[in-house]
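Here is what each chain is made of, one letter per residue.
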Amino acid sequence: MKNHPQTQTTIRSRIALATRDIHDALHKDPVLGKLLEPSVTLDQYQHALGHFLMFYSVVEHQRRLMGIWSEYSLSDDCAALRCDLRAPRLSQESKLRLETPSALLGGLYVACGAAFGRSQFRANVEKALPGARHSFVQRRPDKSLWASLVSDMEKTGAAPAEYDQLFDGANRSFEFMAGLKLEELVIAGQHAP
């Protein structure tokens, strides 16, 4: 079992603690970390948005295939990302597989949690790139939706096997984001520089 809760600690806090290192590493990621730098360029911003779109699209595609968790649809985030990207056609063979409902919920936890993370780079991006589109960056987290997702995590993760899948889905989602490389991301048919 992966970090199964043995105390009154919440499922969400256990998963957050278990994935903290890889989550924190994303703040220093060579692509995503640029969003926190005052010198972020339009190309760097576009590549970071491409990373988000790749991740959100994969999770949303798998959510639709399973036909579950519709309340946590990422369609609006994907639409905002496509609006902000100068050339929104992305292609990359996805290595992320969230094959069970619990694993998918773990992926949705990472995606929906990123809405809170945007607040860390929103002001910086808006100031550094005032002429860029900011639809995705300006989307605010829905706190009631987040509370519902956390509640579903608590219910789902109460069973040890489901907890393992939930954790695995969250961990693989963070690993997927950390593993995206500029040279693998193709934007509008041209490799990223």
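As a reminder, the structure under discussion sits directly above these lines.
Overview of the structure. What you are looking at is a predicted structure, and each value in this text was computed from that prediction instead of being measured. (Residues numbered from 1 in each chain as written. Predicted model: local features only at pLDDT ≥ 70, side-chain atom pairs only at ≥ 80, totals over all residues. Heavy atoms only, no water.)

Turning to the packing of helix H5 (residues 101-128) against helix H8 (residues 160-179), a few remarks are in order. At a minimum axis distance of 7 Å, the contact between H5 and H8 shows a crossing angle of 45°. Considering their axes alone, H5 and H8 lie oblique with respect to each other. Considering the relative orientation of H5 and H8, their crossing is right-handed. Counting all contacts with H5, which are made through Ser 102, Ala 103, Leu 105, Gly 106, Gly 107, Tyr 109 and Val 110, the residues of H8 involved are Glu 162, Gln 165, Leu 166, Gly 169, Ala 170, Arg 172, Ser 173 and Phe 174. (Axes fitted to C-alpha atoms, helices over the stretch in contact; angles between N-to-C directions. Helix = DSSP H or I, 4+ residues; strand = E, 2+ residues; numbered from the N terminus. Parallel < 35°, antiparallel > 145°, perpendicular 65-115°, else oblique. Left-handed = near helix turned anticlockwise from the far one by under 90°. Contact = heavy atoms within 4.5 Å.)

Let us look at the packing of aromatic side chains. The final tally for this structure, using the stated rule, is nine aromatic pairs. A ring pair is formed by Phe 55 and Tyr 56, whose centres lie 5.9 Å apart and whose planes are at 85°; its orientation type is edge-to-face. Here Phe 55 and Tyr 56 have matching classes, each one buried. An aromatic cluster of three or more residues is present, and its members are Phe 52, Phe 55, Tyr 56, Phe 121, Phe 136 and Phe 176. Here the basic side chain of Arg 118 rests over the ring of Phe 136, its NZ or CZ set 4.2 Å away from the ring centre. (Phe/Tyr/Trp six-rings, centres within 6.5 Å; stacked < 30°, edge-to-face > 60°. Buried < 20%, exposed > 50% of the residue type's maximum accessible area, 1.4 Å probe, protein only. Lys NZ or Arg CZ within 6 Å of the ring centre and 35° of its normal.)

What follows concerns H5. Taking 1.5 Å of rise per residue, the 28 residues of H5 would be expected to cover 40 Å, and the 40 Å separating its terminal C-alpha atoms lies within 8% of that figure. The largest bend along H5 reaches roughly 50° and is located at Phe 121. (Expected span 1.5 Å × (residues − 1). Bend = angle between axes of the 7 residues up to and from the residue.)

Spatial relationships are all this shows, so hold off on functional conclusions.
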